[in-house]
Every structure is written in structure tokens, then in C-alpha cells.
Amino acid sequence: QYLKGGISLQTENTPYGINVNYDFMQSNNSVNNADDNTGNKPDGDAGLDLDQVETTLRNNAAVIFALIDNVDIINITADPGTQNLKLKFTRTELQKSYPRDLRDYAKTQGELQILLNSIYLKILVYPQKYALTMSSTPGIRLLAQYEGAAGQVQYSADNGNIEYSASGGQLLTWDNADGKITEKGIKAEFPPGTPAYWSPLDIVSQFDANTQSEIPITITVSQNGIKVAEKQVIIYFDGSTAFFTVEPSGDVIITDSLQLPSPNPDSIAEAVSRAIKSQGKSYLAGEAVSEGHIILDTEEKNGQVKVYTMASIGWFGFENGIFTMVSGSGAIPTVMTFSKNKSGAYVLHQYQEPQDGAFYLSSVKKMFPPKLWPEVLTEGKRYPELVKQKEEQAAAYLKSIGREAKVSAGHVEKTLVDINVQASNKLLAMKKYNSFLNSCPYWSGSREEIKDGIRYIYETSQSKTGDGYDLIIFQKKKENGSIVMESKYKIVENEPRLIEEKEKL
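Conventions and cut-offs
Residues numbered from 1 in each chain as written. Predicted model: local features only at pLDDT ≥ 70, side-chain atom pairs only at ≥ 80, totals over all residues. Heavy atoms only, no water. Helix = DSSP H or I, 4+ residues; strand = E, 2+ residues; numbered from the N terminus. Areas by Shrake-Rupley, 256 points an atom, 1.4 Å probe, with all protein chains shown as cover. Salt bridge = Lys/Arg side-chain N within 4 Å of Asp/Glu carboxyl O. Buried < 20%, exposed > 50% of the residue type's maximum accessible area, 1.4 Å probe, protein only. Contact = heavy atoms within 4.5 Å. Polar contact = N/O pair within 3.5 Å; in protein donor to acceptor, adjacent residues only side chain to side chain. Arc of directions from axis to C-beta. pLDDT = per-residue confidence, 0-100. Pairing = 2+ DSSP bridges. Axes fitted to C-alpha atoms, helices over the stretch in contact; angles between N-to-C directions. Phe/Tyr/Trp six-rings, centres within 6.5 Å; stacked < 30°, edge-to-face > 60°. Lys NZ or Arg CZ within 6 Å of the ring centre and 35° of its normal.

### Regarding the overall build of the protein chain
Consideration 1: Along its length, the protein chain carries 10 helices and 27 strands.
Consideration 2: Surface summary for the protein chain: the accessible area is close to 25800 Å², and the carbon and sulfur share equals 48%.

### Some points on the pattern of salt bridges
Consideration 1: All chains considered together, the criterion is met by 28 salt bridges.
Consideration 2: Glu111 is the partner of Arg100 in a salt bridge, and the nearest nitrogen-oxygen pair spans 2.6 Å. Of the two residues, Arg100 is situated in the loop between α3 (91–95) and α4 (109–118) and Glu111 in helix α4; the sequence distance between them amounts to 11 residues.
Consideration 3: We classify Arg100 as partly exposed; its relative accessible area is 23%.
Consideration 4: For Asp470, the salt bridge is made with Lys464, and the minimal N-O distance between the two is 2.9 Å.
Consideration 5: According to the relative accessible area criterion, Lys464 is exposed, its value standing at 54%.

### Points about the environment of Glu230
Consideration 1: Here Glu230 shows up in strand β14 (residues 226–238).
Consideration 2: Overall, the relative accessible area of 3% leaves Glu230 in the buried class.
Consideration 3: Distance in space between the C-alpha atoms of Glu230 and Ile114 is 7.3 Å, their sequence separation being 116 residues.
Consideration 4: When residues no more than four places from it in sequence are discounted, the contact partners of Glu230 are Tyr98, Pro99, Arg100, Tyr105, Ile114, Ser118, Leu121, Ile219 and Thr220.
Consideration 5: For Glu230, the side chain forms a polar contact with the side chain of Arg100, separated by 2.8 Å.

### Focus: helix α6 (residues 360–367)
Consideration 1: Considered for burial, the residues of α6 that qualify are Ser363, Val364 and Met367. All buried residues of α6 lie within an arc of 100° about the axis, which places them on one face of the element.
Consideration 2: At its buried positions, α6 is contacted by β18 (304–319), β20 (332–340), β21 (346–352) and α7 (373–376).

### A look at the confidence of the model for the protein chain
Consideration 1: Per-chain confidence: the protein chain averages 84 in pLDDT, with 85% of residues scoring 70 or above.
Consideration 2: Here residues 26–47 is a poorly scored stretch, pLDDT under 50, and it has 26 contacts once near neighbours within four places are set aside; other chains count.

### Observations concerning the sheet that holds strand β10 (residues 181–185)
Consideration 1: Strands sit in the order β10-β9-β12-β7-β5-β16 across an open sheet of 6 strands; the sheet is mixed. Of all the strands in the sheet, just β10 and β16 (252–254) have a single pairing partner and so form its edges. Averaged over all neighbouring strand pairs, the angle between strand axes comes to 35°, with direction disregarded.
Consideration 2: Looking at chain direction, strand β9 (residues 170–174) and strand β12 (residues 196–199) are connected through 3 bridges and run antiparallel. By the bridge assignment, Leu171 is partnered in β12 with Trp198.

### Comments concerning the packing of aromatic side chains
Consideration 1: Counted under the stated rule, the structure contains 12 aromatic pairs.
Consideration 2: Their ring planes at 70° and their centres at 5.9 Å tell us that Tyr98 and Tyr105 sit as a pair that is edge-to-face. Pair check on accessibility: Tyr98 and Tyr105 agree, each one buried.
Consideration 3: Where Phe316 meets Phe323, the ring centres are 5.8 Å apart and the plane angle is 35°; that geometry is what we call tilted. The pair Phe316 / Phe323 is uniform in exposure class, with both members buried.
Consideration 4: The residue whose ring lies beneath Lys129 is Phe243, and the NZ or CZ to ring-centre distance is 4.5 Å.
Consideration 5: Over the aromatic face of Phe318 sits the side chain of Arg403, whose NZ or CZ is 3.7 Å from the ring centroid.

Take a look at the structure:
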């Protein structure tokens, strides 16, 4: 009923694609175009929420890839009533969640049913990064959560495609009470709700220092001895760092909880937190997003809850070895409106911030009741509270990846390269058209970035050439210090001259 925008095909050249347009607003209003009991026109489906919509569309895409053999890309646009979505799914991306070629599930009705059931299978994983040197856990915890009937869950690290037979690792159980670890081999079957731990054997020495390996773990749910659903978790081994990293997806959820998080939060505080973090898409992304909020008051009327808050968002990333806020906001007076769906969870309907510039004061007064004006018009005094919340969340993220570093939302001191202004401006201009240079810091120091599960360190440094000229060096390195890319510029009067460039493929 939502396909009001239609479907179009892209078949002129490969990769072939499908464009799907959903219009939730139009569908909802066509069913109910009368005024609601507030005197306002309906503004979309009250049960819809962005995370739920994206999950559903992702599942739809997996089924399309199974049914249509030569489709490789699915582009989706949707209007769920809160903001427009533009989503792109590729066959390669979604295939990673399944142990078999998606096309195989369309061969028989029984196999197709397994695919449809698998939509309701999620894998909870913790931690995301693991190394044999970590003592807090014997391995990566895996826990299948299936919404349907399940008798047994099998975890399998058996993969004949990996060159080293031991590199699939082994499965364990771990009794937290007495610390007892039991080895289960490459396959293990447990009742639903029982976590398994995957651990590598001592295989690091078997790989070249720069080797990256992909280790798939298959999770199969059965009922009365018959397979009903299956999914796959991909673990990447980076030989240069000796870390095993789980690739998250819509089906693989990184969490220290043993319970699947609700699609929608069931508390106002969590609903507000998620709503603020969802605004992070409009800021320069870092490594981890955090938020701070203070709930000043709430109002409930006609089935909706209006929440008056002071809100702040922050993206954290590494600069000069400090985990700092690389982008974000101050204390923003923000009003959020939620409704409750049938399960009692909160769904965001409106996220309202004040207007900028000359209209700021009047818009704040219009958004908030007079009793709250003393709070929202002196928002700066509450900002330290919000900073503390953001820093605590950033610190929790560092703990989850097993890394220690100073956490600070404040400015990291930076020293610019010491060359003449004209040469410096020319280097900055060159960075705009060179993605590698643009990733390197504009100061003498470092910044870090995670791409495809691999951490890279970008550095800018200054030294002298043998004949006494200033030398600016840009480097991209892995965590172990191995150089991936390097460019050296000799500063001759006002001109930066490239004298050396190398890339390790």
C-alpha cells in the first residue's frame, strides 16, 4: 500500500539496479484524510519510526536479491513522515549476513521460508574488537535472538575456504560465576538464550604481518531437528594489529546487553537520547556519537508527549592521541514530540530547535512555556552537565573497544606547520582536490579514522631536507606503524614541490 511512488529499473548497463519509491505519508492520508481530535490534519503514520523503517526496507531488499537473479543494487526513497530517506543496498553488502548465496533461497518454497524466517534472527555480539591478549573475556560473545519458535541454536566456525585449518577458531562456553571455560570445538549447539564465545587459536604467527582474513561464523536455528533460520557473522583478522573485529550490520548488533534492544525505546530518557543522536547525521562524523540532555519538563496530551529539553550532540574522534569532540553542538533548547505505539514504546514525531540569528529569542519563547524561559535563555550554565554526559559516553565507547586514552570534549592544542603563509595556503588549496591530503590534519600532529573495520592514522609532520629546505610530510599508517601512503613536499620559497610519493597496495 506504500508503493505510491512506483518502481523503475536500471538495465542499460551493469550493475543492474531497481529504484523503489515509498510514500508513507500519501498512503496514510489516503486512508484517513479527516481531521484528528486535535483539530489538525494527520502528519503521517503514528506507528512509524526511522530505525524500524530502515530495518524493514533492508529486509525487503534481501528478499528482492534472492528472487531477482541479476539485480545488484537497490535504491530506495521513502517519506515516513519525519524526514526523507535515501537508502542504497547492494547485493555484496547484504550477502555478508547470509552463509549461502541469496539466490539459493529462491530455489524452493522451503528455502525461501528459511530466508523469510531469518529476517527475525538477530545476533548480539560483544566486544566488537578482540585480541588474544585481552583478559576481560575469553573471546567474542555471540548470542542468537530469534522471534519465532526455536529448539536449538548451532554456532559453527567451520570454513573450508580458509587456508589455515586453525584460523576458523573455536567455540567456548564461559561460566561467569566460577570463570570455568569449556572448549566446544568448531561447532556447538545450545538451547536458545545461551551465549557462545568464539576465540581464535594462537594463529597470529601463521599470517603475514599485513594479511587480512575474513572468518565467517554461521548461526543456525532449528526446531524439532529442522532448520528454520540462519545468519552469518563476519570477523576480520588484521595481521598488522593482531585484532579480530566483528563487522556490524542490521542483523549483527554490537552490545554488552544479553537482550535485543527494543526497536523503539520504552522510556522518555532513552527516547530523547536516541532522538538527539539521530541528528548527528547533519554533523561532521567522527568515530563515536554521543549526546547530553536535560529534561526540563514534559506534557502529555491527546496521546502525545511533548518533552522540553536542553540538548547537545558530540562526535568524538582521535586527535593527537586524545579522544576529543571533533564536531557537535552547544546547549540547544529543543522540544521533542513523541507518541506511543501499540507495544508502549516511544516514536519520535517532531524534533524542534530554535531559529538562528535575529529570530532565535522569539522562537525559543514560542517553543517553551514562560515558566521555562529562565532555564532556556541562560542555556550556557547547564552546558558543563551536558559535556560531562558526552564525555562519559565517549569513555564507555573506548572501554568497549579495549583502548585507553584521555577523553576531552575541549579543544585539543594544535601547532600549525611553520612555513610561510603563501606556501601554507597553497598546501591547503591542494588538500581540497586530494582525498589523501585532505584526510591528513592541517596541523603538525595526527588524527585517526576507521574505514571498513580498519583503523588508520593520518599524520602531518615537518622536518628539513638535506639542503636545508622545509619538508612537510603527509602519512597514512596502520596501527602497527606500517605506512600505507606517504607524500613529501619540499617548500621552495612560496612553492610546495612534491619530491616523493609512495603508496603500498
